[in-house]
Amino acid sequence: MDQPILRSHRSATGHHNLLPAAETRGTRIVSFVPLHTLFAWTFGSGTVFWRIWPAVLLHTLFATAVVSISMCTALSLGIPNVMLTVLGVVIGFVISYRASSGYDRYWMGRTAWSDVVKNTRTLTRLVWFHVPLRLTPKTPEELSQPIVPPRNKDELQAAMKEKRAALDLIEGFAVALKHHLRGESGIYYEDLYELVRPLHGRAHRAHEHNGASALSSAAEPWRTRGAGSERDPLIPPINGYGSIPLSRTTSRSSQSSEHPLLPASRDIIPSLFGRVSADLIPFASHVREIFSFYRSLGASDSQKASAGGQGGVQRRWSVGGPTLGPKDRPRVAGGGDNIPIEVLRRLSNWFAQLEERGTVPGTSLGSMIGLIAALEDSVSTVERILTTPLPFVYSVHINTVWLYLFFLPFQLVTQFGWHTIPGVAMASFIYLGFMAAGEEIEQPFGYDENDLDLDMFCRDVVHADIARLKETPGDNVFLGSRHEATPHSAQPPASGDLLGI
């Protein structure tokens, strides 16, 4: 019998061993190690416990008072438990609606960022491989030859410089969109500034603190910062993620020494009350107004002015006084200053120049212009999620779940006695937990544990893909030794100004 021919299990170069197409089947013992303990699942930093613990504690203390009075005195506070069954069905529908609406917004945000990643990959690929290394159309001599000779080295390098700048702008779009959604205005960030060189000379826009002038003031340029300036254009005045200020301590600066670069992201460690959802606490707005009143008595005039200048942000329940929750919704994303759209306009302007030159085929150029429109659509989608909260009438009615928890100990004390206290505590944790979870994930662009990891999308996906693409050779790519310089009679025009090079 003929022996089968044994194929080599090494690559053609002989430097790499080839792995099998599939693992051999067999019995394997997989040790299961739980990643989270019960304590971490309940009280971890990413759970809703830290958002609802005051509300759970309040309902538990109230249940304790009701049970103590009923068990230790002659006064019986028990009522028939018919409402427990009737209201329980309604509460189930309410919680289901709140959780599903929050997750719908979360999934819409994730889908929009998936579209951003997909469209940036496609656009960078088209720019890198389909934009020829020419700054002028083909000459009659080149059209008559079956193989077009390369242009001179200076023109090749100029074309490659434009393409690299375009790839930087596309990456800068994703990074700028991340900061845009987090209410971090401007371009002076460590991960953004070097990518958007065409915007270095842009007029920086001022944003007034009140919502009525947020749009009109967006057209006013920043004044040059000097010793007597009162406003700092580096720190965005409208920040949708609480009152924690941005740190000025940075290790890098822009080309102009008056603009220190801010970190790419912030490490926010909220206080004990920093994550609390005040919307779930009964009469929280009244308590907030009382604290705000006493705080304003001891505040200076400048502090009162700055505290009253947060009108550009939508508050959930009250227009007066600070909220306890870490998330707010701006009425206008970025305060009216839209860096991602400006980046797309620069790219669109460059595509117009390519069309004027006549160097890029219409099929490739049309696809690139269509991708610009797709990226604009993604910006509109995430801005819609950011600036559109649940309607106020729905929010108010949904959060009346505390009425059900309020009557719960009266209906359980007769049958369960002292066991009513832990029962109410568990019911409060479950019901309010679903409400808080839906509220947290409906705006998934911030720094919370359960928000989308936008830094990972920009750093490990978009940046990594573009970095690998810049090292990929191709017919329309000049990497230094890919083509040899050939003298050419055509002189390349002064180009690249639209890309800031």
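Before reading further, recall that the structure is shown in the block above.
About the criteria used
- Residues numbered from 1 in each chain as written.
- Predicted model: local features only at pLDDT ≥ 70, side-chain atom pairs only at ≥ 80, totals over all residues.
- Heavy atoms only, no water.
- Helix = DSSP H or I, 4+ residues; strand = E, 2+ residues; numbered from the N terminus.
- Buried < 20%, exposed > 50% of the residue type's maximum accessible area, 1.4 Å probe, protein only.
- Areas by Shrake-Rupley, 256 points an atom, 1.4 Å probe, with all protein chains shown as cover.
- Salt bridge = Lys/Arg side-chain N within 4 Å of Asp/Glu carboxyl O.
- Expected span 1.5 Å × (residues − 1).
- Contact = heavy atoms within 4.5 Å.
- Polar contact = N/O pair within 3.5 Å; in protein donor to acceptor, adjacent residues only side chain to side chain.
- Lys, Arg positive; Asp, Glu negative; His and termini not counted.
- Core = buried A, V, L, I, M, F, W, Y, C linked by side-chain atoms within 4.5 Å.
- Phe/Tyr/Trp six-rings, centres within 6.5 Å; stacked < 30°, edge-to-face > 60°.
- Lys NZ or Arg CZ within 6 Å of the ring centre and 35° of its normal.
- Axes fitted to C-alpha atoms, helices over the stretch in contact; angles between N-to-C directions.
- Parallel < 35°, antiparallel > 145°, perpendicular 65-115°, else oblique.
- Left-handed = near helix turned anticlockwise from the far one by under 90°.

Colleague: Give a description of the overall build of the chain that names residues and reports values.
Modeller: Regarding its fold elements, the chain presents 13 helices and 2 strands. Residues counted as buried form 43% of the 501 residues belonging to the chain. For the chain, the accessible surface area stands at approximately 27700 Å², while carbon and sulfur atoms represent 60% of it.

Colleague: Could you give me a rundown of the pattern of salt bridges, with the residues and numbers involved?
Modeller: Side chains carrying opposite charge are able to pair once their charged atoms draw close together. For the structure shown, the criterion picks out 15 salt bridges. Across the pair Asp191 and Lys178 runs a salt bridge, and its minimum N-O distance is 2.7 Å. Here Asp191 is found in the loop between α5 (153-181) and α6 (284-297), whereas its partner Lys178 is found in helix α5, with 13 residues between them in sequence. The exposure class assigned to Asp191 is partly exposed, which follows from its relative accessible area of 21%. The residue Arg197 makes a salt bridge to Glu194 at a minimum N-O spacing of 2.6 Å. Residue Arg197 is classed as partly exposed on the basis of its relative accessible area of 39%.

Colleague: Tell me what's going on with helix α8 (residues 339-357), and back it up with residues and numbers.
Modeller: Between its first and last C-alpha, α8 extends 27 Å over 19 residues, near the 27 Å set by a 1.5 Å rise per residue. Those residues of α8 that fall on the buried side of the exposure criterion are Ile339, Pro340, Ile341, Glu342, Val343, Leu344, Leu347, Trp350, Phe351, Gln353, Leu354 and Arg357. Among the structural elements, α3 (82-130), α5 and α9 (362-387) are those in contact with the buried residues of α8. Near the N-terminus of α8, the side chain that reaches the backbone nitrogen of Ile341, with its oxygen 3.3 Å away, is that of Asn338. Once α8 finishes, Gly358 follows within two positions and takes phi at roughly 75°, a positive value.

Colleague: Outline the side chain of Glu383, supporting the account with residue identities and numerical values.
Modeller: Take Glu383: it is sitting in helix α9. Of the side chains bearing the opposite charge, Arg384 lies closest to the buried Glu383, which forms no salt bridge; the N-O distance is 8.8 Å. Setting aside its immediate chain neighbours within four residues, Glu383 contacts His180, Leu181, Ala333 and Asn338.

Colleague: So what's going on with the nonpolar core? Which residues, and what values?
Modeller: Ranked by internal contacts, the top residues of the largest apolar core, which has 64 residues, are Trp113, Leu123, Val127, Phe351, Met368 and Phe445. Contributions of two or more residues to this core are made by α3, α5, α8, α9 and α13 (454-469). With 13 residues, α5 is the single largest residue contributor to this core. Those residues in contact with Val127 that lie beyond four places of it in its chain are Lys163, Ala166, Leu167, Ile170, Trp350, Phe351 and Met368.

Colleague: Which residues make up the packing of aromatic side chains, and what are the values?
Modeller: The final tally for this structure, using the stated rule, is 11 aromatic pairs. Plain terms: the ring middles of Trp350 and Phe351 are 5.7 Å apart, the flat faces sit at 40° to each other, and that makes the pair tilted. By the burial criterion, Trp350 is buried, and Phe351 matches it. Aromatic rings pair up to connect Phe62, Trp402, Phe406, Phe407 and Phe410 into one cluster. Note that Lys163 overlies the ring of Trp128, its terminal NZ or CZ placed 5.6 Å from the centroid. Positioned above the aromatic ring of Tyr447, the side-chain terminus of Arg182 is 4.2 Å from the ring centre.

Colleague: Please provide a residue-by-residue account of the side chain of His200, values included.
Modeller: Looking at the element boundaries, His200 is found in the loop between α5 and α6. Side-chain polar atoms of His200 contact the backbone oxygen of Tyr193, separated by 2.7 Å. Apart from residues lying up to four places away in sequence, His200 is in contact with Ile187 and Tyr193.

Colleague: Tell me about the environment of Asp279, and please be specific about residues and values.
Modeller: Structurally, Asp279 can be placed in the loop between α5 and α6. You can call Asp279 buried: its relative accessible area is 15%. Measuring from C-alpha to C-alpha, the distance between Asp279 and Ala436 comes to 9.0 Å, with 157 residues separating the pair along the chain.

Colleague: I'd like a description of the packing of helix α11 (residues 401-416) against helix α12 (residues 420-441), backed by residues and values.
Modeller: Remark: α11 packs on α12, axes separated minimally by 9 Å, with the N-to-C direction vectors making an angle of 155°. Judged on the interaxial angle alone, α12 and α11 are roughly antiparallel. For the pair α11 and α12, the sense of crossing is right-handed. In contact with Val401, Tyr404, Leu405, Leu408, Pro409, Leu412, Val413 and Phe416 of α11, α12 contributes Thr420, Val424, Ala427, Ser428, Tyr431, Leu432 and Met435.

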